[in-house]
Number of protein chains: 2
Amino acid sequence: MGTEQTLEANQLILKQKLKVIDTDVHHELSSLHDLVPYLSDHWKRYITDYEWKPIKTTPFHQVRQGTKHRNDAFPEAGPPGSSFELLQKQLLDENDMTYAVLGGWFHECTVATGWFEFAAARASAYNDYTIEKFLNRDKRLLGSITIPRDPVAAVREIERVGSHPQMVQVMLSVGNFAWGDPYYHPIFEAANRMGLAIGMHLSADISVSGGDFLRYYVAWRSAHPQAYMTQVISLITNGVFDKFPNLKVGFIEGGFEWVPFMMNRMDSAYKALRQETPWVKRMPSDYFRDNMKFSTQPWNDISSEHFLSIVDMMGSEDMLMFSSDYPHWDFDSPKRTLPPKIPQSLKEKILYNNAADLYKL
Amino acid sequence: MGTEQTLEANQLILKQKLKVIDTDVHHELSSLHDLVPYLSDHWKRYITDYEWKPIKTTPFHQVRQGTKHRNDAFPEAGPPGSSFELLQKQLLDENDMTYAVLGGWFHECTVATGWFEFAAARASAYNDYTIEKFLNRDKRLLGSITIPRDPVAAVREIERVGSHPQMVQVMLSVGNFAWGDPYYHPIFEAANRMGLAIGMHLSADISVSGGDFLRYYVAWRSAHPQAYMTQVISLITNGVFDKFPNLKVGFIEGGFEWVPFMMNRMDSAYKALRQETPWVKRMPSDYFRDNMKFSTQPWNDISSEHFLSIVDMMGSEDMLMFSSDYPHWDFDSPKRTLPPKIPQSLKEKILYNNAADLYKL
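Everything numeric here is computed off the predicted structure, so don't read it as measured data.

Novice: It is not clear to me how the overall build of chain A should be interpreted in this structure. Could you clarify?
Specialist: Scanning chain A from terminus to terminus reveals 14 helices and 8 strands. A compact globule built from 361 residues would reach a C-alpha radius of gyration of about 21 Å, and chain A, at 21 Å, matches this within 12%. With the C-alpha coordinates of chain A rotated into their principal frame, the extents come out at 75 × 55 × 40 Å. Within chain A, buried positions represent 63% of all 361 residues. Sequence-distant contacts in chain A: of pairs separated by 6 or more residues, those separated by 24 or more amount to 80%. Carbon and sulfur atoms provide 50% of the accessible area of chain A, an area that totals close to 13,900 Å².

Right, dumping it as structure tokens:
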């Protein structure tokens, strides 16, 4: 009878609805004309009169020309992610999401090199669009501030919208340069001052070793974490976390199984020759544990046992956060993605607590 | 008494001299004039009369301008690695090496883009120098064939010196392009036909995501495995191991802790969208286990337990090979490098058997 009671109690726990934060959701514009109400007369003409289009860069493959989206995620009009109602129903309601973090139009912050003024105007318009059409309509939605790459304009935008109660992070696009460069530190200063996290998400502009060999999806998916490795190394070696010890960075859609390798490798390199970087005060792995989180999608096949080994190697249960990548085709479900045989407390941390810590919820 | 006997037997095993293959040794020219006897009149003038120098590219750091070598590895004249006698004594004798694999002048096979003829002449001269001054003087030394990047000239060179009994591999420099490109497949065909392995070793030309951010040693060492990840992905997605199922590749000085991550990630990506690469017949992780080896230096701090987890995730004990990187400053000793609490049989594989398999010894 004792055993039966325990079993019953366990099943009760299992049936408890777990709180979930989805840290990677892509809302979209129905069309570029959605930006027009939020642009000044000068800039709106580029859309209404000059038919401006973003530079089209597709990262990997021909088959993607069809769609990169879930087949069931198309609204009646516009692309997947552009209908608030469908996103609310399909993502938030059907998956019992507590919160979902919208990524923003982050790709645009890097492709506009050399035309910073329009990039800044687009970022502002997109943030206003996000606030009005998504954030203000559902408290479960959290926002990422889209910024241009120009640090001065970026800081201005962070200060302009950063106090919206649902804006939780500044999103930096992971592309072909390293964000740790001191040139960009004003962005970290502003985020830190406003109590915002930093998010990093890959763009179509990622560069990896070997340049243009990313012909196939299997190559692209396997290689793009390189771009995240570079960001991690760049942030640490340039002393970003020494300048801003409370700053936290979420690395989104870049994988996490490489993280213990990088922690060990950076620690070993730092022990071997730290004299070049005296501004880096702590062991690199300390910054990983205190200042970084990594999202889980796309989930790679991995056994429960090996997954727990990786968490053990990280030396922390606080570094992973669930993400779905809705509405993309490789969507991960919060109910089915995590390996079955991991402790309930770890599951709760990955599904909710770690992101809640990053975003101060 | 039974226990004492067991203890004694264990100690006997521990005292047994383990066979060792060092898979990463850098012999050097005393000066470029060492090449002159092996060059045709046309090419030798570039050294004797025109004072040709290799393009000087140092990958990371100012402190390296002093030396990148062990302080005790300088011969009376010339740079470390240029004295056969000192190398023989300091590396082979003092470390009880069974075999040591000389890497060759691999950097030169990629920096000479656009001047293939001289690169081919230098590669040939260097191979002749290696055979006469090193290989022919000690059977414990094994050689790597230095090739130019031009596939036609490379195949000619492989055929010219590949039958020397101590030549065990063709060395490809890991730089800023991907070797899996079909353009280079004649090189793999020739190596495979001659019964040679392929070696890959990083050069000063490596590119990584984020371009020129490798200002510091800690950044360089942490980022350069990206260049190896690219080679692995490129070889698999371009079907090199489907064309040449018996070909084996040793990845030297690129780390190994990232390998289980890459195996899982490539498998997951392949399952998700294999239709783009129908010439890839097996699961990517199968090629890792059957066709690839990874050297261990520079060793990163890692516990015995975590090391064994990584080997377990690889699903094979046959993928790691010891290397010292002699005469460089971050030399790893075969007697002290491996973690203490790993099974004797695994230690033997890493120190000897796995490289013996790669090099058919």
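Novice: Looking at this structure, I do not really get the pairing of strand β1 (residues 21-25) of chain A. What am I missing?
Specialist: Remark: a regular strand shows side chains that alternate across the two faces of the sheet. All names here are of chain A. Along β1, 5 of the 5 residues are buried, which leaves the element largely enclosed by surrounding structure. Both β1 and strand β2 (residues 99-102) contribute to a ladder of 3 bridges, which runs parallel. The residue bridging V25 from the neighbouring strand is L102, located in β2.

Novice: What is the right way to read the interface of chain B and chain A from this model?
Specialist: Across the contact, 60 residues belong to chain B and 60 residues belong to chain A. A buried area of about 5,100 Å², summed over both sides, lies between chain B and chain A, and 59% of it is on carbon and sulfur atoms. On the surface where chain B and chain A come into contact, there are 2 salt bridges. For D301(B), the salt bridge identified is with K271(A), shortest N-O distance 2.2 Å. Ranked by residue count, the leading element in the side of chain B that touches chain A is helix α11 (residues 259-272) of chain B, at 10 residues. Considered class by class, the residues forming the side of chain B that touches chain A number 29 nonpolar, 22 polar and 9 charged.

Novice: Honestly, the nonpolar core in this entry has me stumped. Any pointers?
Specialist: Generally speaking, soluble globular proteins have nonpolar side chains that are buried together. With 215 residues, the main nonpolar core has F288(A), F294(A), F288(B) and F294(B) as its most contacted residues. Among all residues touching F294(A), those that are not within four sequence positions of it are V232(A), F251(A), G255(A), F256(A), W258(A), V259(A), F288(A), M319(A), L320(A) and M321(A).

Novice: Would you explain the pattern of salt bridges in this entry?
Specialist: Note on pairing: side chains with opposite charge can pair once their charged atoms come close. Residue and element names in this part refer to chain A. Overall, the coordinates contain 36 salt bridges over all chains when judged by the stated rule. Across the pair R282 and D290 runs a salt bridge, and its minimum N-O distance is 2.8 Å. D290 sits in the partly exposed class, given a relative accessible area of 38%. Three or more residues are tied together by salt bridges with common partners; here these are D93, D138 and R140.

Novice: What is the right way to read the sheet that holds strand β8 (residues 320-321) of chain B from this model?
Specialist: The pairing of strands in a sheet comes from backbone hydrogen bonds and takes either a parallel or an antiparallel form. Residues and elements named next belong to chain B. Read from one edge of the open sheet, 8 strands run β1-β2-β3-β4-β5-β6-β7-β8, paired in parallel fashion. Two strands close off the open sheet at either side, each with one partner strand: β1 (21-25) and β8. Bridge count for strand β5 (residues 197-202) against strand β6 (residues 249-252) is 4 bridges, and the pairing is parallel. Following the sheet pairing, M200 is matched in β6 by F251.

Novice: Sorry, what's going on with the sheet that holds strand β8 (residues 320-321) of chain A here?
Specialist: All names here are of chain A. Judged by pairing direction, the sheet is parallel, and its 8 strands sit side by side in the order β1-β2-β3-β4-β5-β6-β7-β8 without closing on themselves. On the outer flanks of this sheet lie β1 and β8, each paired with one strand and no other. Packing against the sheet, helix α6 (residues 151-161) makes contact with β3 (141-146) and β4 (167-174), and its axis sits at approximately 155 degrees to β3.

Novice: Please explain unusual backbone geometry as it appears in this structure.
Specialist: Only a minority of non-glycine residues have a phi that is not negative, and only a minority of peptide bonds are not trans. P298(B) follows Q297(B) through a cis peptide bond whose omega is -5 degrees. Mapping P298(B) onto the fold places it in the loop between β7 (292-295) and α13 (304-314). Of note in this structure, D325(A) is not a glycine but carries a positive phi near 65 degrees. For D325(A), the location among the structural elements is in the loop between β8 and α14 (344-358).

Novice: Just to check I follow, could you spell out the packing of helix α13 (residues 304-314) of chain A against α13(B) for this structure?
Specialist: Working note: a packed helix pair is described by the angle between its axes plus the distance between those axes. Interaxial distance between α13(A) and α13(B) falls to 11 Å at its minimum, and their mutual angle equals 145 degrees. Here α13(A) and α13(B) pass one another in a crossing that is left-handed. Contacts between α13(A) and α13(B) pair E305(A), H306(A), S309(A), I310(A), D312(A) and M313(A) from the former with E305(B), H306(B), S309(B), I310(B), D312(B) and M313(B) from the latter. The class makeup of the residues in the contact of α13(A) with α13(B) is 4 nonpolar, 4 polar and 4 charged.

Novice: Before we go on, may I ask you to explain the relation of the copies chain B and chain A in this structure?
Specialist: The relation between the two copies of this chain is a rotation about an axis and a shift parallel to it. The two copies are related by a screw motion: chain B maps onto chain A through a turn of 180 degrees and a shift of 0.0 Å along the axis, at an RMSD of 0.0 Å. These values place the two chain copies in the arrangement generated by a two-fold rotation axis. Here 100% of the interface residues in chain B have copies in chain A that are interface residues too; the copies meet face to matching face.

Novice: Looking at this structure, how should I read the confidence of the model for chain A?
Specialist: In low-pLDDT segments, the atomic positions of the prediction should not be examined closely. Here chain A averages 91 in pLDDT, while 91% of its residues score no lower than 70. The ipTM value of the predicted complex is 0.89, and its pTM value is 0.91.

Novice: Sorry if this is basic, but what is going on with the packing of aromatic side chains here?
Specialist: Each aromatic ring pair is characterised by the separation of its centres together with the angle its planes make. Counted under the stated rule, the structure contains 54 aromatic pairs over all chains. Between Y46(A) and W115(A), the aromatic rings sit 5.2 Å apart at their centres with planes inclined by 65 degrees, giving edge-to-face as the arrangement. Here Y46(A) is found in helix α2 (residues 41-48), whereas its partner W115(A) is found in the loop between α4 (108-111) and α5 (116-133), with 69 residues between them in sequence. Each ring, one from F241(B) and one from Y287(B), has its centre 6.1 Å from the other, and the planes form 25 degrees; the classification is stacked. With F241(B) in helix α10 (residues 240-243) and Y287(B) in helix α12 (residues 284-291), this pair connects stretches of sequence that are 46 residues apart.

Reading the values: the criteria
Per chain, residue numbering runs from 1 following the sequence as it is written. Chain A is the first chain written and ligand 1 is the first ligand written, with later ones labelled in order. Thresholds applied to this predicted model are a pLDDT of at least 70 for local features of residues and 80 or more for the giving and counting of side-chain atom pairs; totals over whole chains, interfaces and linings are not thresholded and use all residues. The basis for every side-chain value is the complete set of heavy atoms in the structure, and neither hydrogens nor water enter the calculation. The way it works is that DSSP assigns letters per residue, a run of H or I at least four long becomes a helix, a run of E at least two long becomes a strand, and they are numbered from the N terminus. For a compact globule the rule gives 2.2 Å times the number of residues to the power 0.38, and the radius of gyration it is set against comes from C-alpha atoms. Think of it in three bands: residues with accessible area under 20% of the maximum for their type are buried, residues over 50% are exposed, and the middle band is partly exposed, with areas taken using a 1.4 Å probe on protein chains only. Contacts between residues were defined by any pair of non-hydrogen atoms, one from each residue, lying within 4.5 Å. Shrake-Rupley sampling with a 1.4 Å probe provides the accessible areas, and residues are treated as covered by the protein chains on show and by no other component. Two strands qualify as a pair provided DSSP detects at least 2 bridges between them. Two parts placed together each lose some accessible area; with a 1.4 Å probe, that loss summed over both constitutes the buried area. For salt bridges, the criterion is a side-chain nitrogen of Lys or Arg within 4 Å of an Asp or Glu carboxyl oxygen. Think of it as three bins: nonpolar holds Ala, Val, Leu, Ile, Met, Phe, Trp, Tyr, Cys and Pro, charged holds Asp, Glu, Lys and Arg, and polar takes everything else, Gly as well. Residues belong to a common nonpolar core when they are buried Ala, Val, Leu, Ile, Met, Phe, Trp, Tyr or Cys residues joined through side-chain atoms within 4.5 Å. Here, axes are lines fitted to C-alpha atoms. For helices the fit covers the stretch in contact, and angles between N-to-C directions go from 0 to 180 degrees. Handedness of each helix crossing follows the sense of rotation of the near helix against the far helix: counterclockwise by less than a right angle gives left-handed, clockwise gives right-handed. Copies overlap after least-squares fitting; the atoms used are the C-alpha atoms of residues with pLDDT of at least 70 in both. Within a predicted model, pLDDT stands for the predictor's per-residue confidence, ranging from 0 to 100. The criterion for an aromatic pair is that two Phe, Tyr or Trp rings (for Trp, the six-membered ring) have centres within 6.5 Å, with stacked assigned to planes under 30 degrees apart, edge-to-face to planes over 60 apart and tilted to the rest.

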